[in-house]
Amino acid sequence: MSENSTEVTSAAIARLAGVGRAAVSNWRRRHDDFPKPVGGTETSPTFELSAVERWLREQGKLSAVPIRERAWQQADGHPAGTPAALRIAGSFLLLIHERPGLSVSYTPDTPAGARLPDDMDAALTARLGSRHPVRLPESFGDDAALLTAAAELARDTSPGQAYEFLLGRYLDANPRQFTLTPPEPAELMSALAGGSPRSVLDPAAGTGSLLRAAAATEEVHAQETDPDLAALTALRLALATDPAIRIRVHTGDSLRSDAFSGLNADAVLCHPPFNDRNWGHDELGYDPRWEYGFPARAESELAWLQHALAHVRDEGTVVMLMPPAAASRRSGRRIRADLLRRGALRAVIALPAGAAPPYGIPLHIWVLRRPGAQARPAPDLLLVDASAVPGQAAERVPWHAVRSAVLDAWQAFDRHGTAEARPGICRTVPVIELLDDDVDLAPARHLPPPAAAGAAGLAEVRDLLAATLRRTTELAPPPATPGEPARWPTTSIGELARAGTLLMRAGGTGTAAVDGTTPAPAVLTEHDVIAGSGPTGTLPAAQPDASAEEPVLTEPGDVVVPVLGGGAVARVVGEAEAGAALGRNLYLLRADTTALDPWFLAGFLRGTANNRQASSYASTATRLDVRRLQVPRLPLADQRRYGERFRTLAGFEEALRQTAQLGEQLVQGLYDGLTDGTVRPE
């Protein structure tokens, strides 16, 4: 084996061939010519990718391998590590982006191949400046397969989409290594920054999600502590933004070693590290950035906030994602008080839990403006509790409702200095009311409770609950008819897809038009499928220099399957959900109804044993390989008989869900009514 050959695991071979891992184990036992392990361990061996591909091709098992999978395997198995491979592939994609006519096939022994390192370095310097963080090897003699696969993927999509796919795969494979800002809160923070700022800075850039969502028109600045992540983020921004925008990304700790000293941007967006006691408290005691007070060791977020304020022009906007404790910790009350007195802090917005990591707590967004020399301090602060926004399901507030409530309140407040009060959701509070001993800025503590439903409203909920209970009783399944364990022949989803009996599409793609002229479809999210609610997500906006990407849209009868979490869930799309865009971590199965009944398909996909044999387990999550799910081979008439029973079960399940929601609403309403006096104990 070559010293620099790419190695793959049995799971990767299964993905290449579109089969389950059990099939790979069978091939190793039954075929003496199957490639021998070249590394790994006895329980998890690795194989040379080129030898495996050659064997699969000779056996006729590699005819339909997606180029996306091939490109990812080349990057994931790179001998220098995946980050090094993504730097090489991303730089090559940037060169292709600038030279669309560049040959797809890369051979290092040609004149063009010999010039490639210099050409790539020139493209990086032209786009990212001479101090860019992307470090490349001196030659790419062992990377021909990687570069060719990346170029083919770019040809099928675009250089930006190709890199976004490879980077996304890397981030998904290392969920505990990175703190990601999901697209929805990133887009909301960008909208709160307002308009089209000329220049934007993120001093804790991470994967670049906030800057990618920002609508900067001239300059984008980023700093990131991790050198590998800084390089990958620089390439992401270079491939996702207008070529006319100047991009500068530097490596280093922004608090200890500020790479943009003297910069006064129009806006700063930041999702800083939380609860970091090693932020530089002992070294930075006399730093001029502490204009509003020296942060305590436990107040790292207030240090980042003042760093951000030091890097915006007068009247420039800072939008920070903050932990809820930062609004009320006693150690930060003096800084909070000074931010209020001087009019720097303009709004505190509480998001629903689960909006961004850490997902278990309801994070806050703080919106600040750097006071101008002659500006008068703002007399009021806007407080918003978006977790109280009414939603479609009891489990989670729809994101589009959260976004609408937050932006409506902020835009009115920003324009007129006040916003219409909504009980339990938002109000403007005089700063003088907040300047007490605690300076507690948690929105829920200052918002009047929502108006109680009252006895009449609760009577209406009770009547609706009674009607739903009657419907649940009517839909309850009849007694089960006993039978022998089935021994029917089965086929896999992967085989049905290869035969053309169904179309399989992955979700998570697509963007909305920047100009807003074309209405964007709502997004059916993973949570929507599990909770049984309508689509609640929103599409991210396309970049200013790119047209909107087409999302995967649902149609009636489609079967949607979540791939994370380990639960047995499959949902048949109805008329109400049709036309929604398919979200991340979802697969759509569109059956040829002349050969396969959708309800039959969805029902058998929900079998516990079926899901168990098609799942793989990592240290942090369970992932479902949809291609490995099994379906019985039955005549269409028998399929429809089973499908009708599965449809009835789905109706019963929905009735149970509505019953639970109404019951919770009635119980909580009675507790609230009895405690506030709107309902009498008699």
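Each remark here, short or long, concerns the structure printed above.
Residues numbered from 1 in each chain as written. Predicted model: local features only at pLDDT ≥ 70, side-chain atom pairs only at ≥ 80, totals over all residues. Heavy atoms only, no water.

Draft legend 1. Fine view of the overall build of the protein. Scanning the protein from terminus to terminus reveals 21 helices and 22 strands. A globule of 682 residues ought to have a C-alpha radius of gyration of about 26 Å, and the protein, at 28 Å, matches this closely. Its C-alpha atoms put the protein at 80 × 80 × 50 Å along the principal axes. For the protein, the share of sequence-separated contacts (at least 6 apart) that also reach a separation of at least 24 residues comes to 73%. Carbon and sulfur atoms make up 50% of the accessible area of the protein, which amounts to about 31,700 Å² in all. For the protein, the separation between the mean place of its 68 positive charges and that of its 81 negative charges on side chains is 3 Å. (Helix = DSSP H or I, 4+ residues; strand = E, 2+ residues; numbered from the N terminus. Rg over C-alpha atoms; globule rule 2.2 N^0.38 Å. Contact = heavy atoms within 4.5 Å. Areas by Shrake-Rupley, 256 points an atom, 1.4 Å probe, with all protein chains shown as cover. Lys, Arg positive; Asp, Glu negative; His and termini not counted. Charge placed at Lys NZ, Arg CZ, Asp CG, Glu CD.)

Draft legend 2. Summary view of the sheet that holds strand β12 (residues 426-430). In spatial order, the strands read β6-β5-β4-β7-β8-β10-β9-β11-β12; together these nine strands make up an open sheet with mixed pairing. In this open sheet, the two strands that pair with only one neighbour each are β6 (246-251) and β12. Averaged over neighbouring strand pairs, the angle between their axes works out to 15° when direction is ignored. Alignment of strand β8 (residues 312-322) against strand β10 (residues 364-369), held across six bridges, turns out to be antiparallel. Looking at β10, one finds that V319 is bridged to V367. Running over the sheet, helix α11 (residues 227-240) touches β5 (219-224) and β6 and is turned about 175° from β6. In the packing of helix α12 (residues 300-309) onto the sheet, contacts are made with β7 (265-270), β8 and β10, and the angle to β8 comes to roughly 155°. (Pairing = 2+ DSSP bridges. Axes fitted to C-alpha atoms, helices over the stretch in contact; angles between N-to-C directions.)

Draft legend 3. Spatial organisation of the sheet that holds strand β3 (residues 45-48). In space, the three strands of this open sheet follow the order β1-β3-β2, with antiparallel pairing throughout. The strands lining the two open edges of the sheet, one partner per strand, are β1 (7-9) and β2 (39-40). In this sheet, β3 lies alongside β1 in antiparallel orientation, the contact comprising three bridges. Each bridged residue has a counterpart across the sheet, and for E7 the counterpart in β3 is E48. In the packing of helix α1 (residues 10-17) onto the sheet, contacts are made with β1 and β3, and the angle to β1 comes to roughly 90°.

Draft legend 4. Molecular detail of the packing of helix α4 (residues 67-76) against helix α8 (residues 159-173). Put simply, α4 and α8 touch, their axes get as near as 10 Å, and they point 60° apart. Taken together, α4 and α8 sit at an angle that is classed as oblique. Handedness of the α4/α8 crossing: right-handed. Residues R68, E69, A71 and W72 of α4 touch α8, and the partners they reach there are F165, L166, R169 and Y170. Along the lines of polarity and charge, the residues of the contact of α4 with α8 split into five nonpolar, no polar and three charged. (Parallel < 35°, antiparallel > 145°, perpendicular 65-115°, else oblique. Left-handed = near helix turned anticlockwise from the far one by under 90°. Nonpolar A, V, L, I, M, F, W, Y, C, P; charged D, E, K, R; others polar.)

Draft legend 5. How the structure looks around the nonpolar core. Within the largest apolar cluster, 89 residues are counted, with the highest numbers of intra-cluster contacts made by L192, L351 and I365. Core analysis: the second largest hydrophobic core is formed by 41 residues, A303, V312, M322 and A327 among them. (Core = buried A, V, L, I, M, F, W, Y, C linked by side-chain atoms within 4.5 Å. Buried < 20%, exposed > 50% of the residue type's maximum accessible area, 1.4 Å probe, protein only.)

Draft legend 6. The arrangement of helix α21 (residues 636-676) in detail. Counted at 1.5 Å a residue, the expected span for α21 with its 41 residues is 60 Å, and the 59 Å between its end C-alpha atoms agrees. Every buried residue belonging to α21 is among Q639, G643, F652, A655, R657, T659, L662, G663, L666, G669 and G673, and all of these are buried. (Expected span 1.5 Å × (residues − 1).)

Draft legend 7. Structural context of the pattern of salt bridges. Throughout the structure, instances matching the rule amount to 33 salt bridges. Measuring nitrogen to oxygen at the nearest pair gives 2.9 Å for the salt bridge that ties D558 to R590. Here D558, found in the loop between α18 (526-531) and β16 (559-562), pairs with R590, found in strand β19 (residues 586-591); they are 32 residues apart in sequence, far enough to count as distant. Note on D558: relative accessible area 1%, which makes it buried. (Salt bridge = Lys/Arg side-chain N within 4 Å of Asp/Glu carboxyl O.)

Draft legend 8. Here's a closer look at the pairing of strand β11 (residues 380-385). Within β11, five of the six residues are buried, which leaves it mostly tucked inside the rest of the structure. In this structure, strand β9 (residues 345-350) lies alongside β11, joined through four bridges in parallel fashion. Along β11, the bridge assignment pairs A350 with D385.

The values reported here are purely geometric and, on their own, carry no functional implication.
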